[in-house]
Amino acid sequence: MKITAKDIAREAGVSEATVSIILNNKAGHYRISEKTRQKVLGIAERYEFTCNPIAVSLATRKTHTIGLILPNLVNPFLANISTGIEKCAQENEYALLLCNCEENVQQCVKYLDILQKRYADGILLVLPREKEVNANQKLVEAALRKCRVPVILIEHYLQKAPCDFIAVDNVQGGYLAAEYLLKKGHTRIGHIAGEQFTRQRTCGYLKALKDYGIPIDRSLVMQGDFSIESGYECGKHLLQQGVTAVFAGNDYMALGVWRAARELGLRIPEDVSLVGFDDDPVAVVMDVPLTTVRQPGTTLGKAASEMLVQKIEAERGTYQQYYFPPQLIERSSAAAR
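The notes below deal with the structure included here. (Residues numbered from 1 in each chain as written. Predicted model: local features only at pLDDT ≥ 70, side-chain atom pairs only at ≥ 80, totals over all residues. Heavy atoms only, no water.)

**Things to note about the overall build of the chain**
For the chain, the helix and strand inventory stands at 14 helices and 12 strands. Taking 2.2 N^0.38 as the reference for a compact globule, 337 residues should give roughly 20 Å; the C-alpha atoms of the chain span a radius of gyration of 25 Å, well beyond that estimate. Summarising its shape, the C-alpha atoms of the chain cover approximately 85 × 40 × 35 Å along the three principal directions. Sorting the 337 residues of the chain into buried and exposed places 49% on the buried side. Counting every atom, the chain has about 17,000 Å² of accessible surface; 50% of that belongs to carbon and sulfur. Of the charged side chains in the chain, 40 are positive and 38 negative; the average position of the first set lies 6 Å away from that of the second. (Helix = DSSP H or I, 4+ residues; strand = E, 2+ residues; numbered from the N terminus. Rg over C-alpha atoms; globule rule 2.2 N^0.38 Å. Buried < 20%, exposed > 50% of the residue type's maximum accessible area, 1.4 Å probe, protein only. Areas by Shrake-Rupley, 256 points an atom, 1.4 Å probe, with all protein chains shown as cover. Lys, Arg positive; Asp, Glu negative; His and termini not counted. Charge placed at Lys NZ, Arg CZ, Asp CG, Glu CD.)

**Notes on helix H5 (residues 76-91)**
Taking 1.5 Å of rise per residue, 16 residues should cover 22 Å, and H5 covers 23 Å from first to last C-alpha, within 8% of that figure. Looking at H5, one finds that the buried residues are Pro-76, Phe-77, Leu-78, Ile-81, Ser-82, Gly-84, Ile-85, Cys-88 and Ala-89. Against the buried residues of H5 lie strand S1 (65-70), strand S2 (95-100), strand S3 (122-125), strand S4 (151-154), helix H12 (251-263) and helix H14 (297-314). Capping of H5 at its N-terminal end is provided by Asn-75; its side-chain oxygen lies 2.8 Å from the backbone amide nitrogen of Phe-77. (Expected span 1.5 Å × (residues − 1). Contact = heavy atoms within 4.5 Å. Polar contact = N/O pair within 3.5 Å; in protein donor to acceptor, adjacent residues only side chain to side chain.)

**Overview of the sheet that holds S3**
Here 6 strands make up an open sheet; going across it, the order is S2-S1-S3-S4-S5-S11 and the pairing parallel. Strands with a single pairing partner mark the edges of an open sheet, and in this sheet they are S2 and strand S11 (321-324). The average undirected angle you get between the axes of adjacent strands in this sheet is 20°. Summarising the sheet, S1 and S3 pair through 4 bridges and their orientation is parallel. Along S3, the bridge assignment pairs Ile-69 with Leu-125. On top of the sheet, H14 reaches S1, S3, S4, strand S5 (164-168) and S11; it is set at about 165° to S5, its chief contact. (Pairing = 2+ DSSP bridges. Axes fitted to C-alpha atoms, helices over the stretch in contact; angles between N-to-C directions.)

**Remarks on the pattern of salt bridges**
Scanning all chains against the criterion turns up 13 salt bridges. Taking the shortest distance from any N to any O, the salt bridge between Arg-10 and Asp-7 comes out at 3.1 Å. Pair noted here: Arg-10 and Asp-7 are both in helix H1 (residues 5-12), with a separation of 3 residues, about one helical turn. A single salt-bridge network, built from bridges that share partners, covers Glu-91, Lys-302 and Glu-306. (Salt bridge = Lys/Arg side-chain N within 4 Å of Asp/Glu carboxyl O.)

**Quick look at the pairing of strand S6 (residues 189-193)**
Along S6, 5 of the 5 residues are buried, which leaves the element largely enclosed by surrounding structure. Across 4 bridges, S6 lies against strand S8 (residues 245-248) in parallel orientation. Of the residues in S8, the one forming a bridge with Gly-190 is Val-246. Considered for its hand, the β-α-β crossover made up of S6, helix H10 (residues 199-211) and strand S7 (residues 221-223) is right-handed. (Right-handed = clockwise from strand over helix to strand, strands pointing away.)

**Topic: the packing of helix H6 (residues 105-117) against helix H8 (residues 137-146)**
Where H6 meets H8, the axes come as close as 10 Å, and the angle between the chain directions of the two elements is 10°. In terms of their interaxial angle, H6 and H8 are classed as roughly parallel. On the side of H6, the interface is formed by Val-105, Gln-106, Val-109, Leu-112 and Gln-116, while H8 contributes Leu-139, Val-140, Ala-143, Leu-144 and Lys-146. By residue class, the composition of the contact of H6 with H8 is 7 nonpolar, 2 polar and 1 charged. (Parallel < 35°, antiparallel > 145°, perpendicular 65-115°, else oblique. Nonpolar A, V, L, I, M, F, W, Y, C, P; charged D, E, K, R; others polar.)

**Description of helix H11 (residues 228-240)**
Between the first and last C-alpha of H11 there are 18 Å, a value that for 13 residues agrees with the 18 Å anticipated at 1.5 Å per step. Among the residues making up H11, those that are buried are Ser-230, Gly-231, Tyr-232, Cys-234, Gly-235, Leu-238 and Leu-239. Contacts made by the buried residues of H11 are with S6, S7, S8 and H12.

**Some words on the environment of Gln-320**
Mapping Gln-320 onto the fold places it in the loop between H14 and S11. Overall, the relative accessible area of 33% leaves Gln-320 in the partly exposed class. Counting along the chain gives 15 residues from Gln-320 to Ser-305, while the straight-line C-alpha distance between them is 14 Å. Residues contacting Gln-320, with those up to four places away along its chain left out, are Asp-164, Phe-165 and Met-307.

**Things to note about the packing of H11 against H12**
In the contact formed by H11 and H12, the axes pass within 7 Å of each other and the chain directions differ by 50°. Judged by the inter-axis angle, H11 sits oblique to H12. Of the two possible hands of crossing, H11 and H12 adopt the one that is right-handed. Contact with H11, carried on its side by Ile-228, Ser-230, Gly-231, Tyr-232, Gly-235, Lys-236 and Leu-239, involves Tyr-252, Met-253, Leu-255, Gly-256, Val-257, Arg-259, Ala-260, Ala-261 and Glu-263 of H12 and no other residues of that element. Of the residues contributing to the contact of H11 with H12, the split by class is 9 nonpolar, 4 polar and 3 charged. (Left-handed = near helix turned anticlockwise from the far one by under 90°.)

So this is what it looks like as structure tokens:
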């Protein structure tokens, strides 16, 4: 005969709700005595009783599933974030649904709706390219406000979105990069900024110059878009302005600077020093291994997932922002002036 939770409750002399709380380790289990808990678990073990996950989901309105929406599947940093998220999901017995919106805002919004219809308990979201989000900002903000489950934004912050947010401390990262070059004696340091959601890296660069008494020359700050091509174009301009060092807002733009330097007959680090940001795999395969600021992608993903699980299980309504400290990784692309 198939045993039910009701049968266990009858034999243990407790309510069916108490059995459900104990067997599913739900909120409220701390109010139940250890003696009662062991009695219920003993009966369940004797009858080899296992909970029906579908029934549990119907009863608790939770599926133990989280969604992850990424802008692409080729960026190594996003792959590291995904690894951390998946590890945490496994540890907490959550299933993970992965969605790739391919840098398309409309598809991103559609996935937010699909994941809710599939009863995901929460969603982790890395937004598409900033220019795409800016062109459709009201659409994104409206979709996030409509979400019936917790959403945590990773890396790209939206001020009007009712969401938690987690990222690396970009101000500190930019400061570390600029300070490293300043300590090597460079005073004419060019900078290539990336998309605006990482403008804090530029703020860190400017703060370091100010702290070290170096006059800020705005003509040495160029706007890139995180691509190798923009690094090349901006880097070529900066190198022709006589900078002795360049801090690129990511490693791909640093690779573009390296290419521009080579075309101009300049050597790295003998003629010009170079620092990137991210610690992308490309940093270690360049002819001259790149000094860069490391973003802890796996750690960041794990922390974001842990934050979401806590949000789901505690059902808290307050929003948090958390920033991870970056780390300067010294290699061979910068020399003393």
